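Remarks on the overall topology
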Amino acid sequence: MVTQLPSSTQKGIIYPDSDGQSMADNTKQFELIVWIKNNLELLFANDSNVFVAGDLLWYSVEDDNKLRQAPDVMVVFGRQKGYRGSYQQWLEDNIPPQVVFEIWSPGNRISKMAKKLEFYERYGVEEYYLYEPDVVDLTGWQRRNSRLEVIDQMVGWVSPRLGVRFELTEEELQIYRPDGDRFLTFLELDQQRQQERQRAEQAEAAVEQERDRAKQAQAELEALRALLQERGINLEQL
């Protein structure tokens, strides 16, 4: 079921749907955001109470439109899928995003990222992952007690909330689903779909060939039976 939530303008306060910032500074960052967001949507496609969004403004406190962040990707367990212009926490049973992802870009500054970490820690994020594609480095934080603490070893780390496993090669970040399948790009998913279609077509062609062979064998048997009958020979009595 898809639920559309209303925007809040109580007490004359407006909560804009955009902060005027671009989603990404370059194609690499954009592709990584879309890759993570789309694969998480696929992972939780059958669970109507997991909301996944990319570059969506999250307002954490009612009556304060300055307290906000727009995680590159966020996952909220316990909230229905559906359209939102922004994520206004007080309209969402006061449930904060439990998992957020950020992709480091050349436009990021350490001070800005430190403020994001402070915001995520203060307002209830349970897992925070920051990936720097230029140096292939992944840093993770997990909530312990009331603080987000650095995860010591990210290679092979399994997210408690998502169930996904993180791996790093020399060239890239890789993420694996709980069933062991790797997160795929849109092109890889399309190639996989085409390969599955080709395998299905080949299997159907093999079945059709087998039917044709069976028909040919039956026709030859009938022809032999007719020939023997012409010569007075009953095939069944041989």
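Attention here is on the structure that accompanies the text.

Looking now at the overall build of the protein. Across its full length, the protein holds three helices and eleven strands. Mapped from its N terminus to its C terminus, the protein presents α and β elements in the order α-β-β-β-β-β-β-α-β-β-β-β-β-α. Here the protein has a C-alpha radius of gyration of 28 Å; the compact-globule value for 238 residues is 18 Å, and the former is much larger. The principal-axis extents of the C-alpha atoms in the protein amount to approximately 100 × 45 × 35 Å. For the protein, restricting intrachain contacts to residue pairs at least 6 apart in sequence, the fraction spanning at least 24 positions comes to 58%. Accessible surface, the protein: about 14400 Å² in total, of which carbon and sulfur atoms supply 48%. The positive charge centre, built from 28 side chains, and the negative charge centre, built from 41, are 3 Å apart in the protein.

The strands that make up a sheet pair up through hydrogen bonds in the backbone, lying either parallel or antiparallel. Strand order across the open sheet formed by three strands is β3-β2-β5, with mixed pairing between neighbours. Since the sheet does not close on itself, it has two edges, and those belong to β3 (68-69) and β5 (87-88), each with one partner. Examined bridge by bridge, strand β2 (residues 58-59) and β3 share two bridges and lie antiparallel to one another. Its bridge partner being in β3, Trp-58 is matched across the sheet by Gln-69.

As a further point, take the environment of Leu-42. With respect to the helices, strands and loops of the structure, Leu-42 is situated in helix α1 (residues 27-43). For Leu-42, a relative accessible area of 46% gives the class partly exposed. Distance in space between the C-alpha atoms of Leu-42 and Phe-183 is 9.6 Å, their sequence separation being 141 residues. In this view, Leu-42 contacts Arg-177 and Leu-189; residues no more than four positions away in its chain are not counted.

Strand order in the open sheet made by the six strands is β1-β4-β6-β7-β8-β9, with mixed pairing throughout. This sheet does not close on itself; its edge strands, each paired only once, are β1 (50-54) and β9 (147-150). Taken over all neighbouring pairs, the strand axes of this sheet differ in orientation by 15 degrees on average, direction set aside. In the sheet, strand β6 (residues 99-103) pairs with strand β7 (residues 127-132) via five bridges, with the strands oriented parallel. Bridged to Ile-103 within β7 is Tyr-131. Its contacts with the sheet put α1 on β1, β4 (73-77), β6 and β7, and the angle it makes with β6 is roughly 160 degrees.

On to the pattern of salt bridges, then. Evaluation of the coordinates by the stated rule reveals twelve salt bridges. Between Lys-28 and Asp-134 there is a salt bridge, with its nearest N and O atoms 3.0 Å apart. Here the residue Lys-28 occupies a position in helix α1, and Asp-134 occupies one in the loop between β7 and β8 (137-144), the gap between them amounting to 106 residues. Using a relative accessible area of 60% as the deciding quantity, one classes Asp-134 as exposed. Where Arg-79 meets Asp-93, a salt bridge forms, and the shortest distance between an N and an O atom there is 3.0 Å. Highlighted residues: Arg-79 in the loop between β4 and β5 and Asp-93 in the loop between β5 and β6, separated in sequence by 14 residues. Judged by relative accessible area, Arg-79 falls into the buried class, the value being 13%. Through salt bridges that share partners, Arg-79, Arg-84, Glu-92 and Asp-93 make up one connected network.

What counts and what doesn't
Residues numbered from 1 in each chain as written. Predicted model: local features only at pLDDT ≥ 70, side-chain atom pairs only at ≥ 80, totals over all residues. Heavy atoms only, no water. Helix = DSSP H or I, 4+ residues; strand = E, 2+ residues; numbered from the N terminus. Rg over C-alpha atoms; globule rule 2.2 N^0.38 Å. Contact = heavy atoms within 4.5 Å. Areas by Shrake-Rupley, 256 points an atom, 1.4 Å probe, with all protein chains shown as cover. Lys, Arg positive; Asp, Glu negative; His and termini not counted. Charge placed at Lys NZ, Arg CZ, Asp CG, Glu CD. Pairing = 2+ DSSP bridges. Buried < 20%, exposed > 50% of the residue type's maximum accessible area, 1.4 Å probe, protein only. Axes fitted to C-alpha atoms, helices over the stretch in contact; angles between N-to-C directions. Salt bridge = Lys/Arg side-chain N within 4 Å of Asp/Glu carboxyl O.

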